[in-house]
Amino acid sequence: MKVYNLCCERDHRFEGWFSSEEDFSAQSCKELIECPICESRSVRKLPSAPRLNLSSAQPPQNDVSQQIQAEVIEVMRKIVASTEDVGERFAEEARRIHYNEAPERAIRGTASQSERAALAEEGIEVMSLPMPPALKQPLQ
Ligand SMILES: [Zn+2]
């Protein structure tokens, strides 16, 4: 008994069971093999190990989203590398910089919702960025 992975002209994939290679060829020649989904008789045999092929060739949109994710992480990394981590003193430090009590520099840290609201009220602009957990650890 042989099991073949078959595919119709509309790219429906299904398995066909044949007693032998010759049996498949004969049925294929006479167009006796029918797609169970659309009943097309234009059916071809796929390479015998399609699962192996599939695992190495991922759908293109996957590659794109992985690339975007990599780019986002790269941008985040640059932000992390070019800012000073002030941690939970973020709101306090942002305020000190705003009122020229501390040297002007780019800082990052955590602020609560109410701290951010208070900063906004004082006209201190802060940017919120969701950080991937992997980047929260110190880079050094
Ligand atoms: Zn079909």
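This text goes with the structure placed above it.
What comes next concerns the included structure.

Procedures and definitions
- Residues numbered from 1 in each chain as written.
- Predicted model: local features only at pLDDT ≥ 70, side-chain atom pairs only at ≥ 80, totals over all residues.
- Buried ≥ 20, exposed ≤ 12 C-beta atoms within 10 Å, placed from the backbone.
- Helix = DSSP H or I, 4+ residues; strand = E, 2+ residues; numbered from the N terminus.
- Arc of directions from axis to C-beta.
- Contact = placed C-beta atoms within 7 Å.
- Pairing = 2+ DSSP bridges.
- Right-handed = clockwise from strand over helix to strand, strands pointing away.
- Axes fitted to C-alpha atoms, helices over the stretch in contact; angles between N-to-C directions.

Attention shifts here to helix H4 (residues 90-98). Listed as buried for H4 are Phe90, Ala91, Glu93 and Ala94. For H4, the angular spread of the buried residues around the axis is 165°, confining them to a single face. Buried positions along H4 lie against strand E4 (84-87), strand E5 (107-109) and helix H5 (113-121). Asparagine 100 lies just past H4 and shows a positive phi near 55°.

This next bit is on the pairing of E4. Looking at chain direction, E4 and E5 are connected through three bridges and run parallel. Bridged to aspartate 85 within E5 is arginine 108. Considered for its hand, the β-α-β crossover made up of E4, H4 and E5 is right-handed.

In this section: the sheet that holds strand E3 (residues 43-45). The three strands lie next to each other as E2-E1-E3, forming an open sheet whose pairing is antiparallel. Only two strands of the sheet have a single neighbouring strand rather than two, namely strand E2 (13-18) and E3. With direction set aside, neighbouring strand axes in the sheet form an average angle of 40°. Across six bridges, strand E1 (residues 2-8) lies against E2 in antiparallel orientation. Across the sheet, valine 3 pairs through a bridge with tryptophan 17, a residue of E2.

What follows deals with helix H1 (residues 21-29). The buried fraction of H1 is low, at zero of nine residues. Positive phi shows up at glutamate 31, right after H1, with a value of about 55°.

Functional significance is not addressed by these values, which are geometric in nature.
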